[in-house]
Amino acid sequence: MIAGLPGVGLGGLYYVCLALLMPLRFLFGDKRARQPRQKRIMMSVLPLTLAILAVLALEGLGLHALAGLIEPGTGVAADLGGLRGSAPRLALLPFVLLAVLIGVTHLVRLARRPSRQPG
Amino acid sequence: MTMVAAPPLSTFPAERTEVGPTSRADRLTIIVPAYNEAASIRDTVESLLGQTTRPAEVIVIDDCSTDDTAAIAREAGATVIQPPQNTGSKAGAQNFALTQVTTEYVMAIDADTVLAPDAVELIMAAFDEPGVAVACGFVLPRHVETIWERGRYVEYLFAFTYFKRIQDWHDKALIASGCFSVYRSDVLMPLGGWPTRTMAEDMDLTWTLHEQGRGVRFVPEALSYPIEPRDYNFMSKQLRRWSHGFVQNVRQHWRGIVEVSYLRSAVAVGLWDASVASILFLVAMPLLALFVSPWFLLGYLIDLPVVAVPVLAAAIPRGETMKALASLPSFAVLRLVNSLFFLRALWSELVLGRSLTVYEKGH
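Nothing here was measured: the structure is a model prediction, and the numbers come from that model. The residue numbers shown here count from 1 along each chain, following its written sequence. Labels follow written order: the first chain is A, the first ligand is 1, and so on. Per-residue local features are limited, in this predicted model, to residues with pLDDT of at least 70; the limit for side-chain atom pairs, both in listing and counting, is 80 or more; totals at the level of whole chains, interfaces and linings are taken over all residues.

J.: Got a minute to help me understand the interface of chain A and chain B in this structure?
T.: A pair of residues counts as a contact when their C-beta atoms, built from backbone coordinates, are within 7 Å of each other. Each partner contributes residues to the interface: chain A has 37 residues there, and chain B has 41 residues. Starting at the N terminus, helices and strands are each numbered in turn, a helix being any DSSP run of H or I of at least four residues and a strand any DSSP run of E of at least two. Only helix H1 (10-27), helix H2 (36-69), helix H3 (75-85) and helix H4 (87-112) of chain A provide two or more residues apiece to the side of chain A that touches chain B. Here the side of chain A that touches chain B gets 11 residues from one element, more than from any other, and that element is H2(A).

Pasting the structure below:
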């Protein structure tokens, strides 16, 4: 069974971020990242992640080009122009949400820890 | 119905390697819970007995079927046992058989699932690593014809090729799939076997093992082929069970999983996508399309090219490129329906306090 909805929701972004961290951890000498099993997984996941990023970039360029093809002054052009204008903020939002969500899980963990007794 | 994903059953039994007394498969009992599985049980038992490394025993639990499941399983070479009355769930049937297991390892496999000929040999190798308590394999629908089977085909190719491998890198596979997993008996038995308190016993057990610091491994080379729901009636039963099972497990385990690194964040994003993303899909996007711009409808399809990357990476070596491409739209449909079931499960379990307790078989 699959938990959540697979795709490029927050879950998708989360796994892409984890995949991008693998080579960084490997390069910085993380012990786990240098184990043979982890290296093997990294080598299978990293090309997929780079391909996913390339497809995302192509999609962005495609939408940009589509907006340029549509006759200026039409309602459709206005719609696309509006979306294009807010694109940087929209692109940032999932990263912020993901960071907040992970932060909340850490806070819940800390809140559940029993406070240390003095002495 | 044509068999497209699995190797033809005529290839079973596979060429058998000489197995020494130390082979792990010799120390493996396979248990197959079955209720009215006359149509599929023979294929399942034959694929188990035709493995490159043969298990010590294959036990079919005939959960008081009203068809010929028991006779067919016995004829195919399995040991058949029957509880005094229907156990009411897959976990109940599995636990009934667990009392008779004396081997070091025990495998659970669904009665509608066949394995690739070398699946047992490959999955057992995971236990070479100390500390591994459970190993699970790659799952692919055996038949890929209807919109529901096609949606599931893409979902599995995507999740098992990408998400699950990343989880495995962190030693935190989210679920050891109930349809094909192997456990160390000395870990499983003290836990009382498979829990029956939720509708997703595989998730429940996997999270318990993570909380105990046990090793959970994913073996992508070990392939299994279950029969997935063919129509909406069966699919809705399965989605209902899985969505309720997920919410029930979050409620049951949240205190434990916040202590487990990566698992806590993986479950949190899963819950987010099941709730907030479902609301976006079913409520926000139609409203935005209606009142702001119809271009928001692109939101339903915009990630399909991204989903296609891992899907094609898995499908091309299997010679299934066109099948994967043709199945992508079905994935979008299944995901939309799935989001509705998740929202209903959240509402029912958390708001109304009505927990799903009746196990409805949906393949």
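From this point, the narrative continues.
J.: Can you walk me through the environment of Ser181(B) in this structure?
T.: Residue and element names in this part refer to chain B. By the element assignment, Ser181 lies in strand S7 (residues 180-184). Residues Ser181 and Asp202, spaced 21 residues apart in sequence, show a C-alpha to C-alpha distance of 9.1 Å. Among residues more than four places away in sequence, those in contact with Ser181 are Met107, Ala108, Val134, Ala135, Cys136, Ala176 and Asp202.

J.: Sorry, what's going on with the pairing of strand S2 (residues 57-62) of chain B here?
T.: Every regular strand shows the same layout, with side chains that alternate between the two sheet faces. All names here are of chain B. By the criterion of burial, S2 is predominantly enclosed, with 5 of the 6 residues buried. Across 6 bridges, the pairing between strand S1 (residues 28-34) and S2 is parallel. Directly across from Ile31, in S2, lies its bridge partner Ile59. Regarding topology, helix H1 (residues 41-49) serves as the crossover connection from S1 to the parallel S2, and that connection is right-handed. Relative to strand S3 (residues 79-81), S2 is paired through 3 bridges, and the arrangement is parallel. If you follow Ile61 over to S3, its bridge partner there is Ile81. With C-beta atoms placed from the backbone, a residue is labelled by how many other C-beta atoms lie within 10 Å of its own: buried for 20 or more, exposed for 12 or fewer, partly exposed between the two. Pairing between strands is defined by DSSP: at least two bridges between the two strands are required. Seen with the strands pointing away from the viewer, any crossover whose path from the first strand over the helix to the second strand runs clockwise is right-handed.

Limitation: the analysis is restricted to geometry and does not speak to function.
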